[in-house]
Amino acid sequence: LNPGGMPNPLQEAHSLCFDTDGNVIVVDSVGSRLHRFTPEGQWLGEIGLGPGSGPGAFNAPRDARVHRSGEIFVSDADNHRIQVFSREGKFLRMFGEKGRGPGQLLRAHGLEFSPDHTRLYVADVDNNRVSVFDPAGKFLFAFGRRGVLAGEFRDVHGLGVAPDGDVIVSNYYGPVQRFTADGKFRFEFAPAGFRGWVHFHSM
């Protein structure tokens, strides 16, 4: 399928979101591209520069979310950063760098905004934590660490934010956990165990 003659067909539709006009943004992790489609499936174009390491280019992006302002935030996983584009798709800024320190990233995956859009939650698989930034890219705080106890992570992948601001996090190997907006553990559910393995990817 190559709707609208898109020059770089999808290799892996890893995740998707909607922009403020209702168009669909599809993250191609293998192709290192972001495609935009109308709700009817007509290809509108690419966001960013495709594969690469410079500003606006991607290396295995995993997820995207759109701020209420229209800005598009992308977890550029293997470049160890978050990139931000205008509503029209123009590169604006980026933040994060490779590492394990505060505000650093190893494999940014799931993204989600708080209900008031003042916080961006980032699931970092290889740091086994959720890092929290403001929309300008200022690091606010992080929570979580690798482990099997309540509130600890096992290859954190996906996250979502409830209307009350609680953050729900999926571990790749289970379970799913619920935290307050400030990262305090509340409870867990959906434990692993289907045939001895489980891959909870995103939500």
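Everything that follows concerns the structure shown earlier in this document.
Everything quoted here is computed from the prediction, not taken from an experiment.

Digging into the sheet that holds strand β14 (residues 167–171)
Then, in step 1: In space, the four strands of this open sheet follow the order β13-β14-β15-β16, with antiparallel pairing throughout. Of all the strands in the sheet, the pair left with one neighbour each is β13 (156–161) and β16 (185–189). When strand polarity is set aside, the average angle formed by the axes of neighbouring strands in this sheet is 20 degrees.
Then, in step 2: Bridge count between β13 and β14: five bridges; the pairing is antiparallel. Among the inter-strand pairings, V156 is bridged to a residue of β14, identified as N171.

With respect to the packing of aromatic side chains
Then, in step 1: Here the structure, examined in full by the defined rule, presents 11 aromatic pairs.
Then, in step 2: Judged by centre distance (5.6 Å) and plane angle (50 degrees), the ring pair of F58 and F85 falls under tilted. On the criterion of sequence distance, the pair formed by F58 in the loop between β4 (43–47) and β5 (63–66) and F85 in strand β7 (residues 81–85) is long-range, its members being 27 residues apart. Accessibility classification places F58 together with F85 in one group, the buried group.
Then, in step 3: Taken together, the ring pairs in this structure connect F141, F143, F153, F179 and F185 into an aromatic cluster.

Notes on the pairing of strand β11 (residues 129–133)
Then, in step 1: By the criterion of burial, β11 is predominantly enclosed, with five of the five residues buried.
Then, in step 2: Of the two faces of β11, the one carrying R129, S131 and F133 and the one carrying V130 and V132 are both buried.
Then, in step 3: Looking at chain direction, strand β10 (residues 120–124) and β11 are connected through five bridges and run antiparallel. In the sheet register, V122 faces β11, and the bridge partner there is S131.
Then, in step 4: Between the end of β10 and the start of β11, which pair antiparallel, lie four residues, with N128 showing a positive phi angle near 50 degrees.
Then, in step 5: Taking the residues that link successive antiparallel strands as the turn, the β11-strand β12 (residues 139–143) hairpin has five residues, and the phi of G137 there is positive, at about 105 degrees.

A few points about the sheet that holds strand β6 (residues 72–76)
Then, in step 1: Taken in spatial order, the four strands of this open sheet run β5-β6-β7-β8, and their pairing is antiparallel. Edge positions in the open sheet fall to β5 and β8 (91–95), since each of these has one partner strand only. Between one strand axis and the next, the sheet turns by 20 degrees as a mean value, whatever way the strands run.
Then, in step 2: Sheet topology places β5 next to β6; four bridges connect them, and they run antiparallel.

Rules used throughout
Residues numbered from 1 in each chain as written. Predicted model: local features only at pLDDT ≥ 70, side-chain atom pairs only at ≥ 80, totals over all residues. Heavy atoms only, no water. Pairing = 2+ DSSP bridges. Helix = DSSP H or I, 4+ residues; strand = E, 2+ residues; numbered from the N terminus. Axes fitted to C-alpha atoms, helices over the stretch in contact; angles between N-to-C directions. Phe/Tyr/Trp six-rings, centres within 6.5 Å; stacked < 30°, edge-to-face > 60°. Buried < 20%, exposed > 50% of the residue type's maximum accessible area, 1.4 Å probe, protein only.

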